[in-house]
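Close look at the chain arrangement
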Amino acid sequence: GQPFVEMLVFGIALAVAVVPEALPAVVTIALALGVQRMVKRNALMRRLPAVETLGCTSVICSDKTGTLTKDQMTVRRVVAGGRTFDVSGSGYEPRGEFSRDGAVVPPDALVRELLQAAVLASDASVAHDAEADRWRVKGDPTEGAMVVAAAKAGLDKAELDARYPRLDEIPFTSETKRMTTLNRFPDGVVACAKGAPEVLLPSCTRQLTDAGEAPLDAAARDQVLANARQMAGKALRVLAIATRRGATKATAEQDLTFLGLVGMIDPPRPEAKAAIQTCREAG
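Here's a quick rundown of the structure. (Residues numbered from 1 in each chain as written. Predicted model: local features only at pLDDT ≥ 70, side-chain atom pairs only at ≥ 80, totals over all residues. Heavy atoms only, no water.)

Focus: the pattern of salt bridges
In this structure the tally under the stated criterion is 17 salt bridges. Between Asp129 and Arg136 there is a salt bridge, with its nearest N and O atoms 2.8 Å apart. For Asp129, a relative accessible area of 23% corresponds to the partly exposed category. A relative accessible area of 37% means that Arg136 is categorised as partly exposed. A salt bridge links Arg178 to Glu253, with the nearest nitrogen and oxygen atoms 3.5 Å apart. Of the two residues, Arg178 sits in strand β8 (residues 178-185) while Glu253 sits in the loop between β12 (237-245) and β13 (256-265), which places them 75 residues apart along the sequence. By relative accessible area, Glu253 is classed as partly exposed at 25%. Because the salt bridges share partners, they merge into one network encompassing Arg83, Asp108 and Asp210. (Salt bridge = Lys/Arg side-chain N within 4 Å of Asp/Glu carboxyl O. Buried < 20%, exposed > 50% of the residue type's maximum accessible area, 1.4 Å probe, protein only. Helix = DSSP H or I, 4+ residues; strand = E, 2+ residues; numbered from the N terminus.)

Below you can see the structure in the form of structure tokens.
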């Protein structure tokens, strides 16, 4: 039954009276103690309210490469001649095996031809760092992964470059999403191309099979794209590899022969799993 203005003034007065005078000091001291504890954990907080924000964090956004993953692209799967091969090993150490349906098998001729073309169309190289006792890639990590996969199949990058010297190239761009090199083979100039499947496949008119080159019809294209989608669904980055014999720079990206697909992944750092578990336990 009281007037609205009187009720409003009384409510404000009550709210002010309820808040203790020492509250700002208590909050500041509590946050300062939080900062002190964080320093002991090697985390320097520049602003006190950041401690409160950290305490109620529910989502952490982190970069992936080199933080959650090793920043060492690794080929995990190769599809050639309609057959799928898994590749073991991790990182840039050229040690691993090819397997099919769970059984270790030597890489066949189609796999070796695919990896050879991939290496010839790459600029990266891999070398062992004796001081750090680890393998390092010089150049693009994606190309380095293919060089390592080829080494696991017994193909050496330096030897291939010397045997089939590069005459010219059409470099990779973010628009074309492909790279093509022209290399001298004993029977003429061969173009070697690598790129995104959806970009490279429309330039292919043939595919390499056990019986030799065969037309790449609509059904075969659909199968290749289905394989690429399946590999991408397993978190693999997928590249298509193709070649053309008797090529010139003007024709190097036309009427290609499709060799197969390469799927690679940046493996997670071992300590990332424990770090994520710690975050979950912290709420």
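There is more to say after this.
Description of a nonpolar patch on the surface
A contiguous nonpolar patch, built from Phe4, Val5, Leu8, Val9, Ile12 and Val16 and spanning about 640 Å² of accessible area, is present on the exposed surface. Position of Phe4 among the secondary structure elements: in helix α1 (residues 4-18). On the basis of relative accessible area, Phe4 is assigned to the exposed category, the value being 63%. (Patch = residues over 30% accessible without salt bridge, like charges linked within 9 Å, V, L, I, M, F, W, Y side chains within 5 Å. Areas by Shrake-Rupley, 256 points an atom, 1.4 Å probe, with all protein chains shown as cover.)

Digging into the nonpolar core
Membership of the largest hydrophobic core comes to 33 residues, with the highest contact counts inside it found for Val75, Leu114, Leu115, Met146, Ile241 and Met264. Going through the elements one at a time, β1 (74-80), β2 (83-87), α4 (109-120), α5 (141-152), β9 (188-195), β12 and β13 are the ones with two or more residues in this core. A per-element tally of this core places α4 first, with eight residues. Leaving out residues up to four positions away in the same chain, Ile241 has contacts with Leu114, Ala117, Ala118, Met146, Ala193, Lys194, Leu200, Thr257, Phe258, Leu259, Gly260 and Val262. (Core = buried A, V, L, I, M, F, W, Y, C linked by side-chain atoms within 4.5 Å. Contact = heavy atoms within 4.5 Å.)

Describing the environment of Gln254
Looking at the secondary structure, you find Gln254 in the loop between β12 and β13. With 49 residues separating them along the chain, Gln254 and Thr205 place their C-alpha atoms 8.4 Å apart. Here Ala250 takes part through its backbone oxygen, which lies 3.3 Å from a polar atom of the side chain of Gln254. (Polar contact = N/O pair within 3.5 Å; in protein donor to acceptor, adjacent residues only side chain to side chain.)

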